[in-house]
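# Understanding the architecture of this molecule
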Amino acid sequence: MLEAIDITKQFKKKKVVDGLNMYIESGETVGLLGPNGAGKSTTISMISSLVPPTSGDVRFRKQSILKNPQELRRVLGVVPQEIALYNDLSAKENLLFFGRIHQMSGKQLQKKVDEVLELIGLSEQKKVITKHFSGGMKRRLNIGASLMHDPEMIIMDEPTVGIDPQSRNHILETVKRLNQEMGMSILYTSHYMEEVEFICDRIYIMDQGRIIAVGTKDEIKSILSAEKTLTIKVEQPNEKFIQSIRQEGLVKEVQSSGNMITIVIPKEVNLFARLFQLAEGTETTIQSIEAQTPTLEDVFLHLTGRALRN
Amino acid sequence: MFNAFLKKQLLVFIRNPEVIILQLVMPIVLITILGFALGGLFEGEKSPIEAKVAYVSQGNEEDDIEEFKTFLQKSRLDPEAIAAIEGQIKTLLPLKILREDVFENDKLKEFVHVKEVEPEKLTKLKKNKDYAVIIEVPEKFTYHFLMSVFFPSEQTSEKPELKLYQNEDRELASQLVADIIEDFQHQYTLQTALAKIGIPMNPEMKQPAESEVSIQSISAVKSVSAIAYYTIGISMMFVLYVASMAGTFAFAEKESNVYTRIILSRASRTSYLMGTFISAIIIAFIQLLILFGFSFIAYGVKWDDLSSFLAITICIAIAVGGFATLVTTLNYRFHSQTFSNFFSSIGVTIFALLGGTFVPVKGMSETVAEIGKLTPDGAAMNAYLNIYQGYGIETVIPQLVTLCIYGMMLAVIGVSIFPKEVRQ
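Residues numbered from 1 in each chain as written. Chains lettered and ligands numbered in written order. Predicted model: local features only at pLDDT ≥ 70, side-chain atom pairs only at ≥ 80, totals over all residues. Heavy atoms only, no water.

## Some remarks on the overall build of chain B
What counts here: Strands here mean DSSP runs of E at least two residues long; helices mean DSSP runs of H or I at least four residues long; both are numbered from the N terminus. Contacts were defined at the residue level, with two residues in contact if any of their heavy atoms lie within 4.5 Å.
When helices and strands are tallied, chain B shows 20 helices and four strands. Here the contacts in chain B between residues at least 6 apart in sequence split such that 81% fall between residues at least 24 apart.

As structure tokens, this is what we get:
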């Protein structure tokens, strides 16, 4: 349905996106995962016809959108990362505006506004001025505004940033419904692994402008099938202890955050006894060690050497 | 789609308290303060038109009459004819009638003040900008006049002509005096011609009928009170803030990615900018109606010619729409709100100073006053003041054209340089 072919975006001398290839089939939910600054938003801008790539092509139903983006725009809804709404208008007035600029009017428009308000759970608050909404409600309305013209495909750029867990769940459920009940194709970008795991059929992992892994959840996790992750909780962070773990030949990755240390080791290796020895030698008290099955977070750590949210 | 932009823009403006304060409360407060505090500057003027006229005579009317009488005596006319002509001379003296009967007319004296000045001061006088008109009476004017009436075929007879020096800085006043003299001349020539064929001079000729019309038209001119002046001046200043506000709101749309949504909805950039243009026009128009309406209700600043008032208001609103479009474009083009801020802090202030918002530009240098007339404030203020004083719409056509050109030209520039690709 939508395909990016070897697209690159360069601002001055810096390549923000570098030779990226990806596709979305009709009715599919695709995740684009990567840390802040990975180039996700620029990729979305190019795919949604807002910014032309420096090189490469974007095709919608086999036709390039670079010269004629109108057909894509007709069926595409975009939920930007920012709250792209008028703060001084009510929820209903915002939806009416975005419906009108999509050439909707009269009863059709009113009906669609009611439907969208119902879907995003803001029917009761439709007359409330947007600036008085909570962060979560604004995010829901932000999604609603992009649904006014019944898009076939929707691109969501980190739609759950900075909101409470309840609103986040509501949004994730809504996204699922859009895909499963309405058949919309969805490209969902996030740096929250669990959201992408929950929603998406297929995942692209992006870092520093390039796709570093692609596949279904299971395919990507299988990258780590030969490895396991241990999370060590220590009483006090101790750099000597971390260094001593790094020097262990079988340890592939070490990450620390506060009093938590995450290490990746081969699946068959038992390192528990050795870890307690190292702790004793560096006067560190281990409070717990937990072995985990691989997550997308682990995959990202494995592929880039960095945590997603760093 | 255009209605969507318009409705949204109006709602956004109305729902912003700072907009209401800046666009309505502040100008009302300023009109009140300046109107009352600086009222003294305006109260000294009984009439908006005051013409100082210098009367310079290079000759002597009595000597001219004597010379003419000598000529009469030497002529071949019989004594009876000579006596008849001598009898008519007293009623035919144009300078005497002009000085004593026209310029001394009670109504005219309110506006026109005539001062006799010695001929040797004429050169210096021409440099004196206080005088609206200098009337120079050439040597032997009366003699030549009488000769042209009674002996038109005599070769010695010259065409008697008054010289009129008009001060361009006092266009209105000088034109008024010129018109009065021209009216007088027409009437006088007619009456003299009639007298020559035996129809006596009309005693009312001494106050020419057309001059009466001119005097009445001056009487009809309304003086401008301080409150009226500052209602116009302050409104012209604050209406320009609509443009910077429109630019600020548009930039916020870009920053929050609302503009992205608009573009993805397949709305054209032109229709987006036209939405800005037209909504700024409507908001500016409504703002001016509220400010002038307040001034009418609170201070009695009344517009007798409502249709001309509305025409000017529409034209200045169009100019504001043009500025709004250009400021929006520049904000987008340079990815910064600097242009809105620059326009509201520097641009509006410069226009207000040059246009005469705070003090009438007539008191400034000639160059500044000329430049001031070309600013949107200056053009609109000139137009409003003329209409307020009772002049017809035809007197303000250049100002209306200037304002419309501002609006259209800036809107076209804004649309043509609006960026095709929007930086994220």
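Additional details are given in the paragraphs that follow.
## Let's talk about the domain arrangement of chain A
Interfaces are frequently sized by the accessible area removed from exposure as the parts join. What counts here: An automatic or database domain assignment supplies the residue ranges for each domain.
Domain annotation for chain A reports domain 1 (2-220) and domain 2 (226-293). Domain 1 of chain A and domain 2 of chain A are separated by 39 Å when their C-alpha centres are compared.

## Some thoughts on the interface of chain A and chain B
As a reminder of what qualifies: Using a 1.4 Å probe, buried area is obtained as the accessible area two parts lose upon being combined, added over both of them. For this document, the term salt bridge refers to a Lys or Arg side-chain nitrogen within 4 Å of an Asp or Glu carboxyl oxygen. Pairing of N or O atoms within 3.5 Å defines a polar contact, subject to two protein rules: one partner must be a possible hydrogen donor and the other a possible acceptor, and residues neighboring in sequence count only if both atoms are side-chain atoms.
Tallying the contact residues gives 33 residues for chain A and 23 residues for chain B. Its largest share of buried area at the contact with chain B, chain A owes to Leu50(A), Tyr86(A) and Ile101(A), together 23% of the area lost on that side. Along the contact surface separating chain A from chain B lie one salt bridge. Across the salt bridge formed by Arg15(B) and Glu93(A), the nearest N and O atoms sit 2.6 Å from each other. If you look at where chain A meets chain B, you find eight residue pairs in polar contact (both at pLDDT 80 or more). Counting residues per element, the ones that place at least two in the side of chain A that touches chain B are helix H2 (70-75), strand E6 (76-79), helix H3 (91-100) and helix H5 (135-145) of chain A. The element that contributes the greatest number of residues to the side of chain A that touches chain B is H3(A), accounting for four residues.

## Looking at the packing of aromatic side chains
Our working rule: Pairing of aromatic rings covers Phe, Tyr and Trp, the last counted by its six-membered ring, and requires centre-to-centre distances within 6.5 Å; plane angles under 30 degrees mean stacked, over 60 mean edge-to-face, and any other angle means tilted. Here's how the labels work: a residue is buried when its accessible area is under 20% of the maximum for its type, exposed when over 50%, partly exposed in between, all with a 1.4 Å probe on protein chains only. A ring has a charge above it when a Lys NZ or an Arg CZ is no more than 6 Å from the ring centre and no more than 35 degrees off the ring normal.
For the structure on display, the rule yields 30 aromatic pairs over all chains. Seen from their ring centres, Tyr259(B) and Phe418(B) are 6.0 Å apart, and the 70 degrees between their planes marks the pair as edge-to-face. Taken together, the residues Tyr259(B) in helix H14 (residues 258-264) and Phe418(B) in the segment after helix H20 (397-416) connect sequence positions 159 residues apart. Phe418(B) matches Tyr259(B) in its accessibility class, with the two residues each being buried. Measuring from ring centre to ring centre gives 4.9 Å for Trp303(B) and Phe309(B), while their planes differ by 35 degrees; the resulting arrangement is tilted. Exposure remark for Phe309(B): the relative accessible area of 5% places this residue in the buried category. Aromatic ring contacts, followed pair by pair, group Tyr86(A), Phe97(A), Phe98(A), Phe5(B), Tyr259(B), Tyr272(B), Tyr332(B) and Phe418(B) into a single cluster. Stacked on the ring of Phe98(A), the Lys or Arg Arg261(B) has its end atom at 5.3 Å from the ring centre.

## Describing the sheet that holds strand E14 (residues 286-292) of chain A
Residue and element names in this part refer to chain A. Keep this limit in mind: A pair of strands is labelled paired if DSSP reports no fewer than 2 bridges between them. Lines are fitted to the C-alpha atoms to define the axes, a helix being fitted only along its stretch in contact, and any angle between axes, read from their N-to-C directions, falls within 0 to 180 degrees.
Spatially, E12-E13-E11-E14 is the arrangement adopted by the four strands of the open sheet, whose pairing is antiparallel. For this open sheet the edge positions go to strand E12 (253-257) and E14, each flanked by a neighbour on one side alone. Between one strand axis and the next, the sheet turns through 20 degrees on average, direction left out of account. In this structure, strand E11 (residues 227-234) lies alongside E14, joined through six bridges in antiparallel fashion.

## What to know about the sheet that holds strand E1 (residues 2-11) of chain A
All names here are of chain A. What the four strands build is an open sheet, ordered E2-E1-E4-E5; its pairing is antiparallel. In the strand order of this sheet, the two ends are held by strand E2 (14-24) and strand E5 (63-64), each with one partner. The pairing of E1 with E2 spans seven bridges and is antiparallel. Directly across from Ala4, in E2, lies its bridge partner Met22.

## Some points on the pattern of salt bridges
This structure, assessed with the given rule, holds 21 salt bridges over all chains. The closest approach of N and O atoms between Arg177(A) and Glu181(A), which form a salt bridge, is 3.4 Å. Note on Arg177(A): relative accessible area 36%, which makes it partly exposed. Residue Glu253(B) pairs with Lys8(B) through a salt bridge whose shortest N-O separation is 2.6 Å. With Glu253(B) in helix H13 (residues 241-255) and Lys8(B) in helix H1 (residues 2-14), this residue pair connects regions lying 245 residues apart in the sequence.

## Regarding the nonpolar core
Our working definition: In this description, a nonpolar core means a group of buried Ala, Val, Leu, Ile, Met, Phe, Trp, Tyr and Cys residues linked to one another through side-chain atoms lying within 4.5 Å.
Ranked by internal contacts, the top residues of the largest apolar core, which has 153 residues, are Met22(A), Tyr188(A), Met236(B), Ile262(B), Trp303(B) and Tyr384(B). If we skip the residues at most four places from it in the chain, Met22(A) touches Leu2(A), Glu3(A), Ala4(A), Val30(A), Leu32(A), Thr43(A), Ile47(A), Leu187(A) and Tyr204(A). With 38 residues, the next largest nonpolar core counts Ala51(B), Leu92(B), Val137(B) and Leu146(B) among its residues.

## Quick look at unusual backbone geometry
Residues and elements named next belong to chain B. For Asn257, which is not glycine, the phi dihedral falls at a positive 75 degrees. As for its position among the elements, Asn257 is in the loop between H13 and H14. Unusually for a residue other than glycine, Arg266 sits at a positive phi of about 75 degrees.

## A closer look at the packing of H13(B) against helix H15 (residues 269-299) of chain B
Residues and elements named next belong to chain B. Note the following rule: Here the angle decides the label: under 35 degrees means roughly parallel, over 145 means roughly antiparallel, 65 to 115 means roughly perpendicular, and every other value means oblique. Take the far helix as the reference: if the near one is turned anticlockwise from it by less than a right angle, the crossing is left-handed, and if turned clockwise, right-handed. In this classification, the charged set is Asp, Glu, Lys and Arg, the nonpolar set is Ala, Val, Leu, Ile, Met, Phe, Trp, Tyr, Cys and Pro, and all remaining amino acids, among them Gly, are polar.
Between H13 and H15, the least distance of the axes is 10 Å, while the angle of their chain directions is 140 degrees. Between H13 and H15, the angle is such that the two are oblique. In terms of crossing hand, the pair formed by H13 and H15 is right-handed. In this structure, H13 contributes Val242, Ala246, Ala250 and Glu253 to the contact, and H15 contributes Tyr272, Thr276, Ala280, Ile283, Ala284 and Gln287. Of the residues contributing to the contact of H13 with H15, the split by class is seven nonpolar, two polar and one charged.

## Observations concerning the pairing of strand E3 (residues 133-137) of chain B
Residue and element names in this part refer to chain B. Among the five residues of E3, five are classified as buried, and the element is accordingly described as predominantly covered. The two faces of E3 match: Val133, Ile135 and Val137 on one face and Ile134 and Glu136 on the other face are all buried. Inspection of the sheet shows strand E1 (residues 51-57) paired to E3 by five bridges, in the parallel sense. In the strand pairing of E3, Tyr55 is matched with Ile135. Strand direction decides the pairing type here: E3 and strand E4 (residues 163-166), joined by four bridges, are antiparallel. Paired with Val133 across the two strands is Gln166, which belongs to E4.

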